[in-house]
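# Structural description and commentary
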Amino acid sequence: MSPPPPPRCAVSLPLAPTNATATSTGSGGGGGKKAQPHPTAAQVRRLCKQGQLDRARRLLLDALPRPPPTLLCNAVLIAYVARALPDQALRLYALLNHAARPAPRSDHYTYSCALTACARARRLRLGKSVHAHLLRRARALPDTAVLRNSLLNLYASCARRRGVDVVRRLFDAMPKRNAVSWNTLFGWYVKTGRPQEALELFARMMEDGVRPTPVSFVNVFPAAAGSDDPSWSFALFGLLLKHGVEYVNDLFVVSSAIAMFSELGDVQSAWRVFDHTAKKNTEVWNTMITGYVQNGKFAEAMDLFIQLLGSKEVPLDVVTFLSALTAASQSQDGRLGQQLHGYLIKGMHGTLPVILGNALVVMYSRCGNVQTAFELFDRLPEKDVVSWNTMVTAFVQNDFDLEGLLLVYQMRKSGFAADSVTLTAVLSAASNTGDLQIGKQAHGYLIRHGTEDEGLESYLIDMYAKSGRIEIAQRVFDGYVIRDEVTWNAMIAGYTQSGQPEQAILAFRAMLEAGLEPTSVTLASVLPACDPLGGGICAGKQIHCFAVRRCLDSNVFVGTALVDMYSKCGEISTAGYVFASMTEKSTVSYTTMISGLGQHGFGERAVSLFYSMQEKGLKPDAVTFLAVISACNYSGLVDEGLALYRSMEACGVAPTPQHHCAVVDLLAKAGRVDEAYEFVEGLGEEGNFVSIWGSLLASCKAQSKQELANLVTERLLRVEKKYGHAGYRVLLSHIFAAESNWSSADSLRKEMRLRKVAGSSWIKVQDAALQNYPKNDHVYSMLHGVDYGRDEII
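Residues numbered from 1 in each chain as written. Predicted model: local features only at pLDDT ≥ 70, side-chain atom pairs only at ≥ 80, totals over all residues. Heavy atoms only, no water.

## Some points on the packing of helix H33 (residues 556-568) against helix H34 (residues 572-581)
Formally: Orientation is described by lines fitted to C-alpha atoms, with helices fitted over the stretch in contact, and by angles between N-to-C directions that extend from 0 to 180 degrees. Only runs of H or I of at least four residues qualify as helices and only runs of E of at least two qualify as strands under DSSP, and these elements are numbered from the N terminus. Convention used here: angles under 35 degrees read as roughly parallel, angles over 145 as roughly antiparallel, angles from 65 to 115 as roughly perpendicular, and any remaining angle as oblique. Crossing handedness is read from the near helix: turned anticlockwise from the far helix by less than a right angle, it gives a left-handed crossing, and turned clockwise, a right-handed one. In what follows, residue pairs with any heavy atoms lying within 4.5 Å of each other are defined as contacts.
Axis separation between H33 and H34 bottoms out at 7 Å; the angle between their running directions is 165 degrees. If you check the angle between H33 and H34, you find them roughly antiparallel. As for how H33 packs across H34, the hand of that crossing is left-handed. In this structure, H33 contributes Gly559, Leu562, Val563, Tyr566 and Ser567 to the contact, and H34 contributes Ile572, Thr574, Ala575, Val578 and Phe579.

## With respect to unusual backbone geometry
Here is the rule: The cut-offs for exposure are 20% and 50% of the maximum accessible area for each residue type, with area from a 1.4 Å probe on protein chains only; residues under the lower value are buried, those over the upper are exposed, and the others partly exposed.
Phi is positive for Arg122, which is not a glycine, with a value near 55 degrees. Relative to the helices and strands, Arg122 is located in the loop between helix H6 (108-120) and helix H7 (124-136). Using a relative accessible area of 54% as the deciding quantity, one classes Arg122 as exposed. Backbone geometry at Asp399 places phi at a positive 70 degrees, although glycine is not the residue there. The residue Asp399 is located in the loop between helix H23 (385-397) and helix H24 (401-413) in this model.

## Section: the UniProt feature "repeat: PPR" (unreviewed entry) in the protein
Heads up, the rule is: UniProt positions are given in the numbering used here, feature names are shortened, and annotations may be inferred rather than shown by experiment.
According to UniProt, the positions carrying the feature "repeat: PPR" (unreviewed entry) are residues 178-212, 281-315, 384-418, 484-518, 586-620 and 621-655. Along residues 586-620, the helical share is 74% and the strand share 0%, with 10 Å between the first and last C-alpha atoms. The span residues 621-655 carries 66% helix and 0% strand; its end-to-end C-alpha distance comes to 10 Å.

## A few points about the pattern of salt bridges
Pairing of side chains with opposite charge becomes possible as their charged atoms draw close. The criterion, for reference: Only one rule defines a salt bridge in this text: a Lys or Arg side-chain nitrogen within 4 Å of an Asp or Glu carboxyl oxygen.
Under the counting rule described, the total for this entry stands at 10 salt bridges. Between Lys568 and Asp564 there is a salt bridge whose closest N-O contact spans 3.2 Å. Of this pair, Lys568 and Asp564 both sit in helix H33, separated by 4 residues, roughly a single helical turn.

## Some details on the nonpolar core
Quick note on the threshold: Each nonpolar core is a collection of buried residues, namely Ala, Val, Leu, Ile, Met, Phe, Trp, Tyr and Cys, held together in the definition by side-chain atoms within 4.5 Å.
Residues Phe221, Met391 and Leu696 are the most contacted members of the largest nonpolar core, which totals 219 residues. Here this core takes 8 residues from helix H4 (residues 70-82), the largest share from any one element. Residues in contact with Met391, not counting those within four places in the same chain, are Val361, Val370, Ala373, Phe374, Phe377 and Leu407.

## So, H6
Definition in use: Take the residue count of a helix, subtract one, and multiply by 1.5 Å to get its expected span. N or O atoms within 3.5 Å of each other form a polar contact, as long as, within protein, one can give a hydrogen and the other can take it, and as long as residues adjacent in sequence are counted only when both atoms are side-chain atoms.
For H6, with 13 residues, the first-to-last C-alpha span of 18 Å sits near the 18 Å given by 1.5 Å per residue. For H6, the buried fraction is high: 12 of the 13 residues fall into the buried class. Every buried residue belonging to H6 is among His108, Tyr109, Thr110, Tyr111, Ser112, Cys113, Ala114, Leu115, Thr116, Ala117, Cys118 and Ala119, and all of these are buried. You can read the cap of H6 off the contacts: a side-chain oxygen lies 3.1 Å from the backbone nitrogen of Tyr109, and it is on Asp107. Downstream of H6 by one or two residues, Arg122 has phi in the positive range, about 55 degrees.

## Things to note about the packing of aromatic side chains
Keep this limit in mind: Classification of ring pairs rests on two measures: the distance between centres of Phe, Tyr or Trp rings, Trp counted by its six-membered ring, which must be within 6.5 Å, and the angle between planes, read as stacked under 30 degrees, edge-to-face over 60 and tilted in between. Put simply, a charge is over a ring when the Lys NZ or the Arg CZ is close to the ring centre, within 6 Å, and near the line of the ring normal, within 35 degrees.
Under the definition given, this model contains 23 aromatic pairs. Between Phe374 and Phe377 the ring centres are 6.1 Å apart and the planes differ by 40 degrees, which places this aromatic pair in the tilted class. Placement of both Phe374 and Phe377 in helix H22 (residues 370-379) is noted, with a separation of 3 residues, approximately one turn of the helix. With a relative accessible area of 0%, Phe374 lands in the buried category. One aromatic cluster in this structure is built from Phe171, Trp182, Phe186, Phe202, Phe217, Phe221 and Tyr247. Positioned over the ring face of Phe171 is Arg177, at 4.5 Å from the centre of the ring. Above the face of the Phe477 ring, Arg483 is positioned so that its terminal group lies 4.4 Å from the ring centre.

## Brief notes about the side chain of Ser269
Topologically, Ser269 is positioned in helix H16 (residues 267-275). With residues near it in sequence (within four places) discarded, Ser269 still touches Phe234 and Phe261.

## Quick look at helix H37 (residues 622-635)
Relative to the 20 Å expected for 14 residues at 1.5 Å per residue, H37 spans 20 Å between its end C-alpha atoms, a close match to the ideal helical length. The complete set of buried residues in H37 reads Thr624, Phe625, Ala627, Val628, Ile629, Ala631, Cys632 and Asn633. In this fold, the buried residues of H37 make contact with helix H35 (587-599), helix H36 (603-615), helix H38 (638-646) and helix H39 (657-669). For H37, the capping residue at the N-terminal end is Asp621, with a side-chain oxygen 3.2 Å from the backbone nitrogen of Val623. Following H37 by one or two positions, Gly636 has its phi on the positive side, about 70 degrees.

Pasting the structure below:
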């Protein structure tokens, strides 16, 4: 997502003085006689105008007499700064002051150029030394607005807001301020996250009678976007219109205004500004497309992109395609993303910029095509750390945790250092897999490399909690003196997931006592702890009241957690009331309510809610179908359950072994065990799961279908032998004993006693997991051969 176009420099470059002025200060000569210009001086000026600055510098240092005229020194310095070459300007400044003997006399133009170059190169330390030199020569230099604005711009560009606000102190000490001074201060307040102060200063500038420039609006519009009062945006834009056509037609101002309204979510106003702009450049189009993407209006963004694509007047740039790819990614429109990819390949006639390659990897991974994302990543001619992090994150977010960890190992071998984004992905993968060893490696790495304070606390706590080491998670939590709400949320969720509901509720109360305001994530994390075996319905109701007082009960996650809590505590009517009062409902919300109704025996209501969900345009997923089929099972709605199962493929949901088990149980409980057997037989290879045949075997035993149990037993033993699962051998031995088949029961028990779990290699297990990934020679060749016995990922 592209930022709005950068504002123009708030500090005007100092203009070189006239020839008359220059001659009086040029070489430090005395007398009233006018010095004649050296023939080489005209060449220096001409070379500066032509952009041949290195030649101009050589003439200045080698061909002119010593010391070179100050006017010419300033001319070359200004040329370097104006052409965005601050480092070369600073090198020349150093040569003039240290290498040249005698050194030329610096005036306020010289110092202004040096300070502007330091600001643009972000060389605060060097800028401070120039400032110190200025202070030592303060009496000899005129106190001009140009010099003071350059000094103000230096600290506003490079300083951080720590302790004393040096920028504000410099501004307050200025005897006379112009619009450039005010513009610099507006930008400084926006940069340091103080939009309200920036707006108040803008009003004060108007009261002081200083006329704002277009740059004033460019710098203050972001403050209106960050303000809590949206009326500022309309007031500022109205003031802009009042200042006339020159301001309204300034394309930097237009882009900034579009970005302001987009940030506030007022896309309609942003469009009006865009639509009324007579002549638009690429930046204006990009800002409007980005505004649509920011506000989730992906179709409108693509319509605008296609309109721009058909225009021959305005060229497209990298930011344009980046915004379009972001729209395709966010809307998960893989077909559109492929079309954009094809256009880029045909249109760029060469290698894609790295930033677009990374965006394509994100697009394919978000659209569920991880294999294509990896193939594209592997073919990138140039990879930066963002490329590696993008692919690692894509693997982890799509449940290919092992592949993500292997890619981190390869990233380290390729010479790239892991940063906080890499560690976030590694810790997430360790959390998902419950792999404590990998998590410890990541923890050790971040301690050794000093990345502890980069927002990774919650990931560490989550990793240790999901790895079964909640006590280590508690120690990590206790080790941080400053804890934000994210850290508290992770600790509360860790207690809940670790089966310690009382501790979760105590942590929630401690968070309140610490003066932190719980968010919707906090409540969604603590409410699952309020089950009958945990904090109980009383604590759940208290948290519900807290949510109502804080207006958090309308949040979809909090509402879903409340429905789940009341359902588990037996208050299904209250759960229904909470569900009905939710203004926003997701697929998870419907699934939770359907599951609760089914568990309480309201199968018909669960089925009715399922169909109501589809009518509302929400697409059921695999969990939703499992919940509604299970609800039919609880209420004996066999035909309805079978009809729902058969409708899964039409809804684009592939049945899983869990769904097959639910159908077997549904038929068996209705006394239709033979039909259940035929159903499993009809599954073919998809039915070769121990859980499915084990469920059928348990139903045969419950229905006393001895003959059918023998057939199922034979099939179960074959499946168990092939896949090595011994979970149902005890049940088989009980069935043999019930038939008085003591020899078979005895041999089975002996086999259970003698059979040992074979020693297993962790590498082989992970290698097998890699084989489950879609066939891809690139993946295997790139990630093969990692020996974790000798090397660490991090």
